[in-house]
Amino acid sequence: PTSIGRAAEELIAYPIRAQLPGWSIAYEGPRNGYHGNTNTVTRTITVYVDGGDTPTEIAGVLAHEVGHAIHVTYLDDMARQRWLDARGLDTSWWPESGGNDFSLGAGDFAEAIAHIIADSPSDATAGDFTAAQLELARELLPIPPTQLSG
């Protein structure tokens, strides 16, 4: 899992470790029902790698989890509300523990970040991102958007 994970990191156009000091990334074998997890208490991102996963697929999972770490580390309630409003989401930010987050603010934002930094296709249930929504997501990143090519 670690070699695929490291190869995936090379595909991400974002300085993960520099922008998320104090966070760690771990790659483990498959976990039924999960591709990744962000533990906000321990500040650990865990990506679960199946033997058939490609670095590109794992880059998408890692980038989604990085999106969570970014919003935990850098976004305040006002920034989160801006995202919810921009996406027309009238919902909570976080899922129940272990729940699917693609229809909630946290997962929707993480999918936008994954699209920007890893060119990952979106699984957000609110639909595709508009150019204005992606610009807002770039604005909410802790480094200037001009430094990102995505």
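Residues numbered from 1 in each chain as written. Predicted model: local features only at pLDDT ≥ 70, side-chain atom pairs only at ≥ 80, totals over all residues. Heavy atoms only, no water.

Peer 1: I would appreciate a short explanation of empty space enclosed by the protein in the present structure.
Peer 2: Rolled over the atoms, a probe as big as a water molecule pinpoints where empty space is left. As enumerated under the stated definition, the model contains one cavity of 30 Å³ or more in all. Quantified by volume, the largest cavity comes out at close to 30 Å³. At the level of elements, helix 2 (16-19) and strand 1 (24-28) are the ones that each hand at least two residues to the lining of the largest cavity. Residues belonging to the lining of the largest cavity are distributed by class as follows: five nonpolar, one polar and one charged. (1 Å grid on protein atoms, 1.4 Å probe; cavity = no way out; pocket = protein on both sides within 12 Å on 5 of 7 lines; lining within 4 Å. Points joined across faces, edges and corners; volume = space filled by probe spheres on them. Helix = DSSP H or I, 4+ residues; strand = E, 2+ residues; numbered from the N terminus. Nonpolar A, V, L, I, M, F, W, Y, C, P; charged D, E, K, R; others polar.)

Peer 1: How do you make sense of the nonpolar core when you look at a structure like this?
Peer 2: Nonpolar side chains tend toward joint burial in soluble globular proteins. Judged by nonpolar contacts, the single largest core of 41 residues is most densely connected at Ile-12, Tyr-14, Leu-62, Val-66, Ile-70 and Phe-109. Those elements that place two or more of their residues in this core are strand 1, strand 3 (44-48), helix 3 (55-74), helix 4 (77-87), helix 5 (105-118) and helix 6 (131-140). Not counting residues up to four positions away in its chain, the partners in contact with Ile-12 are Ala-59, Leu-62, Ala-63, Ile-117 and Ala-118. (Core = buried A, V, L, I, M, F, W, Y, C linked by side-chain atoms within 4.5 Å. Buried < 20%, exposed > 50% of the residue type's maximum accessible area, 1.4 Å probe, protein only. Contact = heavy atoms within 4.5 Å.)

Peer 1: How should the pairing of strand 2 (residues 36-39) be read in this particular structure?
Peer 2: Two faces make up the sheet, and in a regular strand the side chains alternate between them. Burial of strand 2 is one-sided: the residues Gly-36 and Thr-38 facing one way are buried, the residues Asn-37 and Asn-39 facing the other way are not. When strand 2 meets strand 3, the two strands line up antiparallel, connected through four bridges. Of the residues in strand 3, the one forming a bridge with Asn-39 is Thr-44. As consecutive antiparallel partners, strand 2 and strand 3 are separated by four residues, and within that stretch Arg-43 has a phi angle of approximately 55°, a positive value. (Pairing = 2+ DSSP bridges.)

Peer 1: Looking at this model, I keep getting lost on the side chain of Asp-108. Mind explaining?
Peer 2: Checked against the element boundaries, Asp-108 lands in helix 5. Judged by its relative accessible area of 0%, Asp-108 is buried. Every residue in contact with Asp-108, bar those within four places of it in the chain, is listed here: Trp-83, Arg-87, Leu-89, Asp-101, Ala-124, Ala-126 and Phe-129.

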